[in-house]
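Structural description and commentary
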Amino acid sequence: MEHTIKLQSALKQMERRFAGDQQTRSFEKSMNDFNDMVRSGVIKSRGYNILSVENSYLTTQLE
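None of the values given here were measured: they were computed from a predicted structure.

A word on the overall build of the protein. When its secondary structure is counted, the protein shows three helices and zero strands. When its helices and strands are written in sequence order, the protein yields α-α-α. Buried positions account for 0% of the 63 residues belonging to the protein. On the protein, roughly 6500 Å² of surface is accessible, and the fraction owed to carbon and sulfur atoms is 56%.

Now the structure itself:
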């Protein structure tokens, strides 16, 4: 139980430390933008999504 309290305290301390950091805000914005694109279906969050040569001929391309 004491370890949990120490861990929570350390996490809160680090959260306060990085709350105003410009680099951290930039990463968080990028992460939120990425999650928005996943939710809207523009991209997938994981996986190898490049078509193989064989499958590229099976799909129609819009011009």
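Any two side chains of opposite charge can pair, given that their charged atoms come close. Tallied over the entire structure, the rule returns three salt bridges. As a salt-bridge pair, Glu2 and Lys6 come within 3.3 Å of each other at their nearest N and O atoms. Pair noted here: Glu2 and Lys6 are both in helix 1 (residues 2-18), with a separation of four residues, about one helical turn. Each member of the pair, Glu2 as well as Lys6, carries the same accessibility label: exposed.

This brings us to helix 2 (residues 22-40). In a regular helix each residue adds 1.5 Å, so 19 residues correspond to 27 Å; helix 2 covers 27 Å between its end C-alpha atoms and thus fits that length. Downstream of helix 2 by one or two residues, Gly41 has phi in the positive range, about 90°.

Conventions adopted
- Residues numbered from 1 in each chain as written.
- Predicted model: local features only at pLDDT ≥ 70, side-chain atom pairs only at ≥ 80, totals over all residues.
- Heavy atoms only, no water.
- Helix = DSSP H or I, 4+ residues; strand = E, 2+ residues; numbered from the N terminus.
- Buried < 20%, exposed > 50% of the residue type's maximum accessible area, 1.4 Å probe, protein only.
- Areas by Shrake-Rupley, 256 points an atom, 1.4 Å probe, with all protein chains shown as cover.
- Salt bridge = Lys/Arg side-chain N within 4 Å of Asp/Glu carboxyl O.
- Expected span 1.5 Å × (residues − 1).

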